[in-house]
Number of protein chains: 2
Amino acid sequence: MNKINPACKDVDLAAACELLKAGDNWLILTHQYPDGDTLGSAYALGKALQLLGKKVRVVCSDVIPGKYAYITEAAKWDDFTPSHYCAVDVADPRLLGEELEAYAMLVELCVDHHASNTYYAENLLYKDYAATAMLVYEIIKELGVELTPAIAEALYTGMATDTGCFRYSNTDALCHRMAADMLDIGIRSDYINRVMFDIKSRRRMELERMALAAIHFEWDGRCAVMPLTVDMIKNSGALENDMEGLASIPREIEGVWVGATLREIDDNRFKISMRTGSKANACDICTLLGGGGHAAAAGCTVTGELQDVLARVLDAVKTAVPQIEAGDGDEYPV
Amino acid sequence: MNKINPACKDVDLAAACELLKAGDNWLILTHQYPDGDTLGSAYALGKALQLLGKKVRVVCSDVIPGKYAYITEAAKWDDFTPSHYCAVDVADPRLLGEELEAYAMLVELCVDHHASNTYYAENLLYKDYAATAMLVYEIIKELGVELTPAIAEALYTGMATDTGCFRYSNTDALCHRMAADMLDIGIRSDYINRVMFDIKSRRRMELERMALAAIHFEWDGRCAVMPLTVDMIKNSGALENDMEGLASIPREIEGVWVGATLREIDDNRFKISMRTGSKANACDICTLLGGGGHAAAAGCTVTGELQDVLARVLDAVKTAVPQIEAGDGDEYPV
């Protein structure tokens, strides 16, 4: 644990709720590049505090993407000079972003689920929870505020987005049961899931077109390498938020042990995202290329012409996973 | 309701369980082109009946795709001459397929959730349930059999696959709560979801490559038409089960009101799948082309060269949805 402020400590649910009840106006801070969990958590908590008669405003360093309009349009924040500050789903004050960095040292309560939390405020931290929204749901119950459809939709958004719609390994029984509680309220879960998970921007689609056409397969398809060059990104018009999750594509192809995405950051400098299943160790491969990470997901940066970078990546894969050349006949290596 | 056999009637959970308990050996029938719900339901029910000391075998007209190996490999069926027959998730005896059609008139109990069920046996039919596996879970509880990890994985597979991993509008609170019960047992839900939802065959990927490159956009991207020609299918090597869900791709592009997939069935004959959101009616469009269907999903068959078929489809869209030309400025038409 890397405590920014040694005086900051863990608080329990009851103490966090006492803190929230004690303040009469709250500025709720979300992290930059906002996602469904920070926004859903903040909007749900904000609306619940308003129902307790407090003045509330939710703020974010970045413009909130239009796809969250069903959350933002359901809220009407108050105009006031804040004296209390709460951060939700913000593991480190640096993640508040430029616009909100001035508030970093004012935060009284941080509600979060990231194991990497840096303790910059009183911390209500449930590391086992798949989403901060699950924890906000506990707060709202403890505060005695009844769920409204708008609150339930915000909470559901956090739970669904941080679990890949209940797909990832962090999804547990509690998360499903909490989602069920939200559905009991009567929320538009199919609309939310369509907007969060199905819809792709035209720019994203164009980039996927080009990226799929450029995938290089090696060793009977057990290795797939997908380049995302500066030209491809430029020609597709893709923005940063159009590129989310692209790195998982190569490993989603049946039979692929090692999937790599080579993203050209600037001229001839490639950020490499390596993804592996049980048959290869992504960290071992990336370590050979000067990077590191986890067994299933690792990264490194390699400089050179695309073809040279590709050759170096394949070389590292072959060194770290020599059995990839011959394979082992398994049909479902996951 | 179209009752094949007027003598066949609805039975309740208790009566269905009495029937199952009364028989000492059971052949459990699944539908052809087996999916996660028919297989998960059949394997879960079969294993539960085995735990009650009965002889059981699960059968299918088709070869079970390798991705279900984690279900099939966990079962060891018995060798016996069946005298009792139960169909699961089979709405109509014709869906049993060629290999099993001889059993159609022997089925004593049908456990199903399809509103289109044709009543060819005593029917335990819960039309409100998102998956037959949910109903099989109720049966297993009623039979007093304790869930094993293998049974829970089979049931979870049915629930997850029939709801698009808890994404579709049929997902309700009960379904989430039942999934939570499965997770309580300790199942490999992340492995299952990866195999069911993330992994694409190389052939599928190749076909997607070509299909994405061929998408035609009209009216500022409010209409997207994706051709799947005989040549594309042949060149990708795609088999029928590689093509599942392809028709939803055009409508998943941001801003698309009308998404159409033109699949060439044989030379110059195109099966058209039309998908729309709230701003257009797919059935209205397809009716103009001699087809029909539902408001959000409809179909028709059009003969001609691809370019002519495309022109006719666009013409029908423009006639049925005249406002698509100018648009209405909305950013999230879903």
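Above this note sits the structure.
The present account deals with the structure reproduced in this document. Keep in mind it's a predicted model, so treat the numbers as computed, not measured.

1. Details of the overall build of chain A
Helix and strand content of chain A: eleven helices and eleven strands. Against the globule reference of 20 Å for 334 residues, chain A gives a C-alpha radius of gyration of 22 Å, in line with a compact fold. For chain A, the C-alpha atoms occupy an extent of roughly 65 × 45 × 40 Å along the three principal directions. When the 334 residues of chain A are sorted by exposure, 56% land in the buried category. By sequence separation, contacts in chain A at least 24 residues apart represent 66% of the contacts at least 6 residues apart. Total accessible area on chain A is roughly 13,800 Å²; 47% of this is exposed by carbon and sulfur atoms. Distance between charge centroids for chain A: 2 Å, based on 31 positive and 50 negative side chains.

2. A look at the pairing of strand β8 (residues 258-266) of chain A
Each regular strand carries side chains that alternate between the two faces of the sheet. All names here are of chain A. As paired elements, strand β7 (residues 223-228) and β8 share six bridges and run parallel to each other. Each residue of the ladder has a partner; that of valine 225, found in β8, is alanine 260. Note that β8 and strand β9 (residues 269-276) share eight bridges and pair antiparallel. Along β9, the bridge assignment pairs arginine 263 with lysine 271. Hairpin connection from β8 to β9: two residues lie between these consecutive antiparallel strands, with asparagine 268 at a positive phi of about 65°.

3. A few points about the relation of the copies chain B and chain A
The two copies are related by a screw motion: chain B maps onto chain A through a turn of 180° and a shift of 0.0 Å along the axis, at an RMSD of 0.0 Å. Within this description, the copies of the chain are treated as partners about a two-fold rotation axis. Here 100% of the contact residues of chain B are again contact residues in chain A; the copies associate through an equivalent surface.

4. As for the sheet that holds strand β1 (residues 25-29) of chain A
Sheet strands pair by backbone hydrogen bonding; their relative direction is either parallel or antiparallel. Residue and element names in this part refer to chain A. Read across the sheet, five strands follow the order β2-β1-β3-β4-β5 without closing on themselves; strand pairing throughout is parallel. The open sheet has two edge strands with one neighbour each: β2 (55-59) and β5 (122-125). Averaged over all pairs of adjacent strands, the angle between strand axes in this sheet comes to 20°, irrespective of strand direction. Bridging between strand β3 (residues 85-88) and strand β4 (residues 109-112) involves three bridges; their strand directions are parallel. The partner of alanine 87 across the bridge, within β4, is cysteine 110.

5. Some thoughts on the sheet that holds strand β5 (residues 122-125) of chain B
Residues and elements named next belong to chain B. In space, the five strands of this open sheet follow the order β2-β1-β3-β4-β5, with parallel pairing throughout. Edge strands, defined here as strands with exactly one partner in the open sheet, are β2 (55-59) and β5. On average, adjacent strands in this sheet sit at an angle of 20° to one another, irrespective of strand direction. Strands β4 (109-112) and β5 of the sheet are contacted by helix α4 (residues 132-143), whose axis makes an angle of about 120° with β4.

6. Points about the packing of aromatic side chains
The final tally for this structure, using the stated rule, is eleven aromatic pairs over all chains. Summarising the aromatic geometry, the rings of tyrosine 70 of chain B and tyrosine 191 of chain B are spaced 5.8 Å apart at their centres and angled 80° between planes, so their arrangement reads as edge-to-face. Residue tyrosine 70 of chain B is found in helix α3 (residues 69-72), and its partner tyrosine 191 of chain B is found in helix α7 (residues 189-198); the two are separated by 121 residues along the sequence. Taking the relative accessible area as the measure of exposure, tyrosine 191 of chain B reaches 24% and is therefore partly exposed. The structure contains a cluster of three or more aromatic residues connected by ring pairs, namely Tyr156 and Phe166 of chain A together with Tyr156 and Phe166 of chain B. The ring of tyrosine 137 of chain A is capped by lysine 141 of chain A, whose NZ or CZ atom sits 4.3 Å from the centre of that ring. The lysine or arginine in question, arginine 202 of chain B, covers the ring of phenylalanine 217 of chain A, its NZ or CZ lying 3.4 Å from the ring centre.

7. Concerning the interface of chain B and chain A
Between chain B and chain A, the contact holds 44 residues from the first and 44 residues from the second. Interface area for chain B against chain A, summed over the two sides, is near 4,300 Å², with a carbon-plus-sulfur share of 59%. Our enumeration of links across chain B and chain A arrives at six salt bridges. Here chain B is connected to chain A by 19 residue pairs in polar contact (both at pLDDT 80 or more).

8. Side note on unusual backbone geometry
One can expect most non-glycine residues to show negative phi and most peptide bonds to be in trans. One non-glycine residue, tyrosine 33 of chain A, lies in the positive phi region at around 45°. Relative to the elements of secondary structure, tyrosine 33 of chain A occurs in the loop between β1 and α2 (36-51).

9. Notes on the environment of leucine 95 of chain A
Residue and element names in this part refer to chain A. Tracing the chain through its elements places leucine 95 in the loop between β3 and β4. Since its relative accessible area comes to 36%, leucine 95 is described here as partly exposed. Taking the C-alpha atoms as reference points, leucine 95 and threonine 229, 134 residues apart in sequence, are found 28 Å from one another. With residues up to four places along the chain from it excluded, the contact list for leucine 95 reads His31, Gln32 and Val90.

10. Thoughts on the pattern of salt bridges
With the rule as written, the count across this model stands at 32 salt bridges over all chains. Residues aspartate 92 of chain A and arginine 94 of chain A are paired through a salt bridge, measuring 3.1 Å at the closest nitrogen-oxygen approach. Take aspartate 92 of chain A: its relative accessible area is 9%, and that puts it in the buried class. The salt bridge involving arginine 188 of chain A is made with glutamate 153 of chain A; its shortest N-O contact spans 2.7 Å. Here arginine 188 of chain A, found in the loop between α6 (173-185) and α7 (189-198), pairs with glutamate 153 of chain A, found in helix α5 (residues 149-162); they are 35 residues apart in sequence, far enough to count as distant. Judged by its relative accessible area of 6%, glutamate 153 of chain A is buried. Through salt bridges with shared partners, a single network forms among Arg177 of chain A together with Asp181 and Asp184 of chain B.

Analysis parameters
Residues numbered from 1 in each chain as written. Chains lettered and ligands numbered in written order. Predicted model: local features only at pLDDT ≥ 70, side-chain atom pairs only at ≥ 80, totals over all residues. Heavy atoms only, no water. Helix = DSSP H or I, 4+ residues; strand = E, 2+ residues; numbered from the N terminus. Rg over C-alpha atoms; globule rule 2.2 N^0.38 Å. Buried < 20%, exposed > 50% of the residue type's maximum accessible area, 1.4 Å probe, protein only. Contact = heavy atoms within 4.5 Å. Areas by Shrake-Rupley, 256 points an atom, 1.4 Å probe, with all protein chains shown as cover. Lys, Arg positive; Asp, Glu negative; His and termini not counted. Charge placed at Lys NZ, Arg CZ, Asp CG, Glu CD. Pairing = 2+ DSSP bridges. Least-squares fit on C-alpha atoms with pLDDT ≥ 70 in both. Axes fitted to C-alpha atoms, helices over the stretch in contact; angles between N-to-C directions. Phe/Tyr/Trp six-rings, centres within 6.5 Å; stacked < 30°, edge-to-face > 60°. Lys NZ or Arg CZ within 6 Å of the ring centre and 35° of its normal. Buried area = accessible area lost by both parts, 1.4 Å probe. Salt bridge = Lys/Arg side-chain N within 4 Å of Asp/Glu carboxyl O. Polar contact = N/O pair within 3.5 Å; in protein donor to acceptor, adjacent residues only side chain to side chain.

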